[in-house]
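What the coordinates show
Given next are the chains, with one letter for each unit.
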Amino acid sequence: HQARDFLAPVDPVALNIPDYPTVITHPMDLGTVEQRLDRKEYTDAGGFVRDMRLVWSNAITYNPVGTPVHAAAAALSAEFEKRLLATIEPAFAGPTGDQPRPAPAPPAP
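First, a word on scope: everything that follows refers to the structure included in this document. Just so it is clear, the model here is predicted, and its values are computed rather than measured. (Residues numbered from 1 in each chain as written. Predicted model: local features only at pLDDT ≥ 70, side-chain atom pairs only at ≥ 80, totals over all residues. Heavy atoms only, no water.)

**Things to note about the environment of F6**
- Topologically, F6 is positioned in the segment before α1 (20-23).
- Between the alpha carbons of F6 and W56 there is a distance of 8.5 Å; along the sequence they are 50 residues apart.
- Not counting the four nearest positions on each side in its chain, F6 is found in contact with D29, L30, G31, V55, W56, A59, V69, A72, A73 and L76. (Helix = DSSP H or I, 4+ residues; strand = E, 2+ residues; numbered from the N terminus. Contact = heavy atoms within 4.5 Å.)

**Observations regarding the packing of helix α3 (residues 45-62) against helix α4 (residues 68-88)**
- Between α3 and α4, whose axes approach to 8 Å, the crossing angle comes to 155 degrees. Classified by the angle between their axes, α3 and α4 sit roughly antiparallel to one another. Of the two elements, α3 crosses α4, and the hand of that crossing is left-handed. Side by side, α3 and α4 meet where F48, V49, M52, R53, W56, A59 and I60 of the first sit next to V69, H70, A73, A74, L76, S77, F80, E81 and L84 of the second.
- Tallied by class, the residues present in the contact of α3 with α4 amount to 12 nonpolar, 2 polar and 2 charged. (Axes fitted to C-alpha atoms, helices over the stretch in contact; angles between N-to-C directions. Parallel < 35°, antiparallel > 145°, perpendicular 65-115°, else oblique. Left-handed = near helix turned anticlockwise from the far one by under 90°. Nonpolar A, V, L, I, M, F, W, Y, C, P; charged D, E, K, R; others polar.)

Right, dumping it as structure tokens:
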């Protein structure tokens, strides 16, 4: 239920928030992210991650602390970051999966 506020672009007219476009200059929503995924518009994971973070940061920026939308955005952002880390962390683990890989040795003089 928390995600429903983020599924479609914010409609400043319908929501009677005329200052939204001046405060949030790069709007983003989960529906747009999904469309970009479906159309294969992301050339790498970085673009997807940036857009997802933009959804949450826009909501946190515009909606004051203590409001349901701010709280939902903060919670969803934390969950996204937790899952993102769990996804990428194994790529940085050592051969046994529990130790970080050592830094490469500096070049010989």
